[in-house]
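As a plain string of letters, each chain reads:
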Amino acid sequence: MNEAIGTRRCPVHFDHESAEHTTNWVAEFDAMREKYPVAWSDRHGGFWVATSYDAVVRMAKDAESFSSHKHFDPATGHVEGGITIPATPITRGLPVEADKPEWDAMRGFINRRFAPKAVESYRADARLYATALLNRVIETGAMDLVNDFTGPVPAMVTMKLMGLPLHEWRQFADPLHTMVYTAKDAPNYAEVVGDVAWVFQRCAEEYARYLQEPEQDNLLSYFAHNDMDGRRLTLEEVLAFSNNIIIGGVDTTTALTTHALAYLHDHPVERERLLENPAMLPFAREEFLRFYSPIHGLARNVAHDLEYDGIDMHKGDRVFLAWAAANRDPDVFAKPHAIDMARPSNRHVAFGSGIHRCIGSNFARMMFEEMMAEIFARIPDFEIDYENSRRYPSVGTINGWETMPIRFAPGSRVECSMVL
Ligand code: HEM
């Protein structure tokens, strides 16, 4: 019998924000999944950690018992619930930190803007940004893969989607970027969170401008001119939607694409295989999503006292759903610690599961494809300088790279309507 059954708490000292987790997460998740698929960590005030695929998916699909709702009081800074552990002291993200029935109207309000057809209309933009960014550096034979390419492309697409000024992408991306990789108990965390206020202030200014202008094809303008469930959004809701969409948009696809390119650099035979079989790219992409899980895990809040597989959980308990651990569960994925770019039936949960499953998954897939195509076509021979590359100091939220210098055979600029 599993030791978790019939006991209140199976204690572990798991801390997804720790340096140990950053370097040792695969072994740490394996050990927990095997022994305590639902464990109790004594860190951050105590929380449950679900690591088996079965537990993660069952809890994610039971949104009535496992709530995402966050309460934040800007006057006092008091924060409760939401999808991070510890809770992030900024305005909640919408729709991700709302429960049914509130969530239904919110997701319904934006669904159409993320549908496959809408996403396709941004493909040419993603390609344009990718080409312009490579043009900027191609003659030099060197760039920082993250800061000059895989970071800016998703950030610029997100700016366009939101209706924010494209040239300000770095000012938007940097504070959010730093917030997701700074551990919440780091001495500079309050300052890092303070820097995010600028992002909201700029969203509010641009939203005020769209209120005065005829409707345009972007999200802030859409919010300004359309009703959700028979009423306009409040400014607070506009900022909460912006928070979720900008954070979702800027770092995740960057992490995925950087990891994929690094893997292909380290495995030249695999790189050749992919270059010779472009039809394989969608399968490879899903495997990179499974293997690297750009979002390692997110939280839920127990909505009422309940029993989960013999474990007593109490209202208000916090739970960490470890997508990354579920994605390496050997009961679901054969050879989970190996990348199989042709893996059949890949039921990964990198985009989550249940009602909050990622609305931006089509955007992520499209941006990934465009970035890979640009690199493959123009600098397939790039070499990574690992000595000067750095992972995020904390991968508990996003499993990404902070910097990755690369070198390549210098090439020529190509014709492009955008000059950066
Ligand atoms: C590789 C890239 C991405 C990954 C791995 C990823 C992962 C996730 C995950 C795991 C969730 C579930 C959250 C939960 O259950 O609490 C989620 C939700 C969400 N994502 Fe993504 N995401 C990616 C890209 C994007 C992009 C590009 C956008 C926007 C442009 C986006 C916007 C959102 C939003 C708005 C939600 C909330 C959906 C809801 O609550 O109904 N994501 N994402």
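The structure we're discussing is the one just above.
Residues numbered from 1 in each chain as written. Predicted model: local features only at pLDDT ≥ 70, side-chain atom pairs only at ≥ 80, totals over all residues. Heavy atoms only, no water.

Caption draft 1: Geometry of the packing of helix H12 (residues 252–266) against helix H16 (residues 361–378). Here H12 crosses H16 at 40°, and the two axes come no closer than 10 Å. Note on packing geometry: the crossing formed by H12 with H16 is right-handed. Where H12 abuts H16, its residues Thr 253, Leu 256, Thr 257, Ala 260, Leu 261 and Leu 264 lie against Ala 364, Met 367, Phe 368, Met 371, Met 372, Ile 375 and Phe 376. Considering only residue class, the contact of H12 with H16 consists of 11 nonpolar, two polar and no charged. (Axes fitted to C-alpha atoms, helices over the stretch in contact; angles between N-to-C directions. Helix = DSSP H or I, 4+ residues; strand = E, 2+ residues; numbered from the N terminus. Left-handed = near helix turned anticlockwise from the far one by under 90°. Contact = heavy atoms within 4.5 Å. Nonpolar A, V, L, I, M, F, W, Y, C, P; charged D, E, K, R; others polar.)

Caption draft 2: Structural view of the packing of H12 against helix H13 (residues 268–276). Between H12 and H13, whose axes approach to 5 Å, the crossing angle comes to 110°. Relative to H13, the element H12 lies roughly perpendicular. Residues Tyr 263, Leu 264, His 265 and Asp 266 of H12 form the contact with H13, whose own contacting residues are Pro 268, Glu 270, Arg 271 and Leu 274. Residue classes in the contact of H12 with H13 are distributed as four nonpolar, one polar and three charged. (Parallel < 35°, antiparallel > 145°, perpendicular 65-115°, else oblique.)

Caption draft 3: Representation of the pattern of salt bridges within the structure. All chains considered together, the criterion is met by 30 salt bridges. Of the charged contacts in the structure, one is a salt bridge between Arg 123 and Glu 370, with a shortest N-O distance of 2.8 Å. Separated by 247 residues along the polypeptide, Arg 123 in helix H5 (residues 123–137) and Glu 370 in helix H16 bring together distant segments of the chain. Using a relative accessible area of 17% as the deciding quantity, one classes Arg 123 as buried. (Salt bridge = Lys/Arg side-chain N within 4 Å of Asp/Glu carboxyl O. Buried < 20%, exposed > 50% of the residue type's maximum accessible area, 1.4 Å probe, protein only.)

Caption draft 4: Fine view of the environment of Lys 70. One can find Lys 70 in strand E5 (residues 70–73). For Lys 70 and Thr 91, which are 21 residues apart along the polypeptide, the C-alpha to C-alpha distance reads 8.7 Å. For Lys 70, the residues in contact, after removing those within four places along its chain, are Val 79, Glu 80, Gly 81, Gly 82, Thr 88, Ile 90, Thr 91, Arg 92 and Glu 97. A polar side-chain atom of Lys 70 sits 2.9 Å from the main-chain carbonyl oxygen of Ile 90. (Polar contact = N/O pair within 3.5 Å; in protein donor to acceptor, adjacent residues only side chain to side chain.)

Caption draft 5: Quick peek at the sheet that holds strand E8 (residues 298–302). Reading across from one edge, E1-E2-E3-E11-E8-E4 is the order of the six strands in this open sheet, with mixed pairing throughout. Across the chains shown, the open sheet's two edge strands, defined by having one partner strand only, are strand E1 (11–12) and strand E4 (66–67). Pairing of E1 with strand E2 (residues 38–41) involves two bridges; the strand directions are parallel. Note on E2: the bridge partner recorded for Pro 11 is Trp 40. (Pairing = 2+ DSSP bridges.)

Caption draft 6: Quick look at the packing of aromatic side chains. Enumeration over the complete set of coordinates arrives at 20 aromatic pairs. With a centroid separation of 5.7 Å and an interplanar angle of 75°, the aromatic rings of Phe 114 and Phe 363 are classed as edge-to-face. In this pair, Phe 114 sits in the loop between helix H3 (102–111) and helix H4 (116–120) while Phe 363 sits in helix H16, placing the two residues 249 residues apart along the sequence. When sorted by exposure, Phe 114 lands in the same class as Phe 363, which is buried. Feature note: the residues Phe 14, Trp 25, Phe 29, Phe 47 and Phe 320 constitute an aromatic cluster, connected by ring pairs. Residue placement shows Arg 290 over the ring face of Phe 333; its charged tip is 5.3 Å from the ring centre. Stacked on the ring of Phe 291, the Lys or Arg Arg 328 has its end atom at 3.8 Å from the ring centre. (Phe/Tyr/Trp six-rings, centres within 6.5 Å; stacked < 30°, edge-to-face > 60°. Lys NZ or Arg CZ within 6 Å of the ring centre and 35° of its normal.)

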